[in-house]
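Structure assessment
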Amino acid sequence: MKRITVVIVTYNSQKDIYDCLAALYRYNDIGDQLEVIVVDNHSEGAEAMFGRIAREYPGVLLISNPENLGYGHGNNIGIRSAQAPYIVIMNPDVRLIHPVFKTLWAEFEHKQADLIGMKQCERTDKPGQSFLMLYPSCFNLFLHKFCTRSDLFLKRKFCFSGACFAFRKESLEAFGLFDEKIFLYGEERYIHLQLLKLGRSRIYYHPELRYIHPVHERAFSEREVRQGLRSYQYTLRKMGLNYDKRLRKFKNMYRLLYLRSLLAGHSNEADHYRTVVKIINENR
């Protein structure tokens, strides 16, 4: 019997997936009760990647999609194929740094948890962004900064980073799993709001369970900003929330960040924030 299934969606992730799997199995503390599923979204060189994974980790279930229909679609395929009642979603560039599965399983069993988040680190000695604002605004920006430093998670204000989080399969099945209209970015916000809406609010943060996700290495991308904004807009409208009001607060937050960076002499950072404001104005 499988206790936990890890679902990893890959897309041109050959430089990351092998180290991800190596760390995952190194810190597997539940043995054969762990199931691992890798779903590839039509990567270049996927056949060679799957061949190597099959040789090094013969227990991994490999699923190849004939086309890339998005991150949510890939995850849904993995979730529906999972044997375990509890799922861990993991990006291929995530690295576990100690055992987590036995603790996760105990939390799901004893607390009847719907959703569990862990502490994200940039490096072993540098905390990252474990949770994100549900509704970006100037006030929530300051609240988020304080809560991040204090490891204080507020489930009505924040959602866990989508890089690595765990949930009860039944809880997501209650609203249809990932929304496949969200192609990429923002899935964690949608899932969190759906759980709250359905009253499945047994949501816990465990900062003692840590993983590395080196997002500081990523370059600024206008494409990612546009995609993330589209996901935010879609989620707000689907949840019946006041889109115009929350978009204004979103824009004001980035205006504040722009001014702060400008005054601090961080010109590149200021240019990025100014670009975000421009993109928001284009999508009003």
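It should be noted that the structure appears before, not after, this text.
Throughout what follows, the structure given in this document is the object of discussion. Predicted, not measured: the structure shown is a model, and the values here were computed from it.

1. Overview of the environment of Gln 112
Here Gln 112 lies in the loop between helix 4 (101-111) and strand 6 (115-123). A residue is classified by how much of its surface remains accessible, and Gln 112, at 36% relative accessible area, is partly exposed. Remark: the alpha-carbon pair of Gln 112 and Arg 202, spanning 90 residues in sequence, is separated by 7.2 Å. Beyond its immediate stretch of four places on either side in the chain, Gln 112 contacts Glu 107, Arg 168 and Arg 202. Of the polar contacts made by the side chain of Gln 112, one reaches the backbone oxygen of Glu 109; its length is 2.8 Å.

2. Thoughts on the packing of aromatic side chains
Overall, the coordinates contain 14 aromatic pairs when judged by the stated rule. Ring geometry for Tyr 25 against Tyr 57: centres 5.2 Å apart, planes inclined by 10 degrees, an arrangement best described as stacked. Remark: Tyr 57 occurs in the loop between helix 2 (46-56) and strand 3 (61-64) and Tyr 25 occurs in helix 1 (residues 14-26); sequence separation between them is 32 residues. For Tyr 25, a relative accessible area of 29% gives the class partly exposed. In this structure, Arg 237 is placed above the aromatic ring of Tyr 243, and the distance from its NZ or CZ to the ring centre is 4.0 Å. Positioned above the aromatic ring of Tyr 135, the side-chain terminus of Arg 246 is 3.9 Å from the ring centre.

Rules used in this analysis
Residues numbered from 1 in each chain as written. Predicted model: local features only at pLDDT ≥ 70, side-chain atom pairs only at ≥ 80, totals over all residues. Heavy atoms only, no water. Helix = DSSP H or I, 4+ residues; strand = E, 2+ residues; numbered from the N terminus. Buried < 20%, exposed > 50% of the residue type's maximum accessible area, 1.4 Å probe, protein only. Contact = heavy atoms within 4.5 Å. Polar contact = N/O pair within 3.5 Å; in protein donor to acceptor, adjacent residues only side chain to side chain. Phe/Tyr/Trp six-rings, centres within 6.5 Å; stacked < 30°, edge-to-face > 60°. Lys NZ or Arg CZ within 6 Å of the ring centre and 35° of its normal.

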